[in-house]
Every structure is written in structure tokens, then in C-alpha cells.
Amino acid sequence: MTKVQKVHSLTGRITPALVHDAWRAVRRNRGAAGIDKVSIQMFQANLDQNLDRLMRELKTGAFEPLPARRVYIPKSPGKFRPLGIPAVRDRVAQEVIRRLLSPIFERRFHDDSYGFRPGRSCHQAVERVLELRRQGYDHVLDADISGFFDNLSHRAVMAELSAVIADGNILRLVEKFLKAGVLEGGKFLATRVGTPQGGVASPLLANIALNLLDWQVTHAPHVRTSGPVAGVTQRRNTS
């Protein structure tokens, strides 16, 4: 893995242009209102005021995310997947942080990691597996971490972030997102582990937490030769 110097002063990169770009991405993705019942349309009605306030709170560290609204969607017969729906303003804030962090960590991610990465798809992962087969690799390990998003270690996320990011305000904002909790049936539930499926930043945080594993698999001794293990990872939303 390429070593990089720690990144400072990310807070200074939070500009009106970045916040507006984050808003446009959230608006494109649409989605339901959070626990504050503020819809995309309602947020847009006072857009300039809402975005100006959001930017000030993000830059000063005063931003406090609301708990996500928990809903359940069908996964398979008799099973349901929990989703956390953040408030619109929180989705914009997460998108701001995601846009700041993604270019930094994309350079550190393993080249054979395909899940939740810009410009990559499951089809490319399959093509890579076929290419490795042509190179002589003849074993596939299919592993699934049950309920991964709901059980993602906050400590693992923050440790990997802190190894690269030196901006304390950004680190505290990410930790606030992780610990914002969920509201289910009118009851607040603390989140000591996990990141909500449905959160804008959750896929990136998942890749950050698992990046070390990807590299360790690559550098593990091969069971048949002295060469490296070839690993292709394709994340899935599982619960």
C-alpha cells in the first residue's frame, strides 16, 4: 500500500461550491425525509439559508446530526433489512465529508477492490476474476460478514481515518455520524457499533475499515507457491 503523509486542513476545503455540489447529489438521489420530517422539497424552499447554516456548522464543528429514522425493507422471504434514513441536512453533510475523504482514500484502496467505488462495478469484478483464472489461479473464497454494516467497528473506522487524516474537526464529524443513533418506533437507540445502511458515507467508511484486510490478503503466503494471493473484493449490503 502506498504510504502518504497525513492530510491537514480539510475543514478549509469546505466551500459554498462543495456544499452546493453535495446538495445537488442528495437531491438527485431523492429519498424520504428523516425524523425531522423535512423533505427534499421543504429543504430546497429555503436552500441558501439552509446551506449557509450547514456550512458554518461543519466548519466550526457545531454540527450535530440527528438520529437516523429506521425502517425495514424486504430482503428475502420472511427476512428484512434495516435501513437508516438520515435527515436531508445530514445527508448533505455526509456527502460533503464523503467528497473530502473519497479522493484521499481512493489512492490507498487495493486495486482489486470493486465494491462501492466510483467507476467500478460488479461486472468489472467478475471480469477480473476471469482474468485471474486465465493466469492460473484456480480457487475462489466466497466469504460474507453477516450484518456487516450494523456491526462495523467504530474503533476500526476511526483508527484507519486517524492514520491518514490529521484534521480533528473532520474526525469528530465522522464520529458524530457514527454515534448519532437511530429512532425506531419512537424510541432512541444508541449506535455503539455500526453505520446505517442508507447513510451517504456508510459505503466509504466500510471500505476504509476493510482496506487493511484487502492488503493483508494480498500479502499472505500462497498455499501452493511463494507468490501472493490474488484477491478480488466486491462488497454487498448484507444484514
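For the structure, check the block above.
Below: a short report on this structure.

Our next topic: the nonpolar core. Counting residues in each nonpolar core, the largest one holds 47 residues, and the members touching the most others are Leu-101, Phe-105, Leu-161 and Ile-165. Mapped onto this core, the elements with two or more residues apiece are helix H1 (16–29), helix H2 (40–45), helix H3 (47–60), helix H4 (88–106), helix H6 (148–151), helix H7 (154–162), helix H8 (168–178) and helix H9 (202–219). Per-element accounting of this core gives the leading share, nine residues, to H4. Contact partners of Leu-101, with chain neighbours within four places excluded, come to Leu-10, Leu-161, Ile-165, Ile-170, Val-174 and Leu-204.

The backbone of Ser-9 shows a phi angle near 55°, a positive value even though the residue is not glycine. Residue position: Ser-9 is located in the segment before H1. Phi at Arg-30 takes a positive value of approximately 55°, unusual for a residue other than glycine. Among the structural elements, Arg-30 can be located in the loop between H1 and H2.

Take H3 next. The terminal C-alpha atoms of H3, which comprises 14 residues, lie 20 Å apart, in line with the 20 Å expected from a rise of 1.5 Å per residue. Along H3, the positions that sit buried rather than exposed are Leu-47, Leu-51, Leu-54, Met-55, Glu-57 and Leu-58. Along the long axis of H3, the arc covered by the buried residues comes to 165°, so they all point the same way. Opposite the buried face of H3, at more than 90 degrees from it, the exposed residues are Asp-48, Gln-49, Arg-53, Arg-56 and Thr-60. Where H3 is buried, its residues contact H1, H2, H4 and H8.

Scanning all chains against the criterion turns up twelve salt bridges. In this structure, the salt-bridge partner of Glu-57 is Arg-89, at a minimum N-O distance of 3.9 Å. A residue pair is termed long-range when its members are at least 10 positions apart, and Glu-57 in helix H3 and Arg-89 in helix H4 qualify at 32 residues. The partner of Arg-89 in a salt bridge is Asp-90, with the nearest N and O atoms 3.5 Å apart. Look at the salt bridges and you will find they share partners, linking Arg-53, Glu-57, Arg-89 and Asp-90 into a network.

To continue, consider the packing of H1 against H4. Across the interface, H1 lies against H4 with an axial gap of 8 Å and an inter-helix angle of 120°. Here H1 is positioned oblique relative to H4, judged by the angle of their axes. Read as a crossing pair, H1 and H4 show a hand that is right-handed. The segment H1 lies against H4, with Leu-18, Val-19, Asp-21, Ala-22, Trp-23, Ala-25, Val-26 and Arg-28 engaging Val-88, Arg-91, Val-92, Glu-95, Val-96, Arg-99 and Leu-100.

In this section: the sheet that holds strand E2 (residues 79–85). Strands sit in the order E2-E1-E3-E4 across an open sheet of four strands; the sheet is mixed. Looking at strand neighbours, the two that pair on one side only are E2 and strand E4 (187–189), the edges of this open sheet. Shown here is a sheet whose adjacent strand axes are inclined to one another by a mean of 45°, direction ignored. As paired elements, strand E1 (residues 68–76) and strand E3 (residues 182–184) share two bridges and run parallel to each other. Its bridge partner lying in E3, Ala-68 is registered against Val-182.

Conventions used here
- Residues numbered from 1 in each chain as written.
- Predicted model: local features only at pLDDT ≥ 70, side-chain atom pairs only at ≥ 80, totals over all residues.
- Heavy atoms only, no water.
- Core = buried A, V, L, I, M, F, W, Y, C linked by side-chain atoms within 4.5 Å.
- Buried < 20%, exposed > 50% of the residue type's maximum accessible area, 1.4 Å probe, protein only.
- Helix = DSSP H or I, 4+ residues; strand = E, 2+ residues; numbered from the N terminus.
- Contact = heavy atoms within 4.5 Å.
- Expected span 1.5 Å × (residues − 1).
- Arc of directions from axis to C-beta.
- Salt bridge = Lys/Arg side-chain N within 4 Å of Asp/Glu carboxyl O.
- Axes fitted to C-alpha atoms, helices over the stretch in contact; angles between N-to-C directions.
- Parallel < 35°, antiparallel > 145°, perpendicular 65-115°, else oblique.
- Left-handed = near helix turned anticlockwise from the far one by under 90°.
- Pairing = 2+ DSSP bridges.

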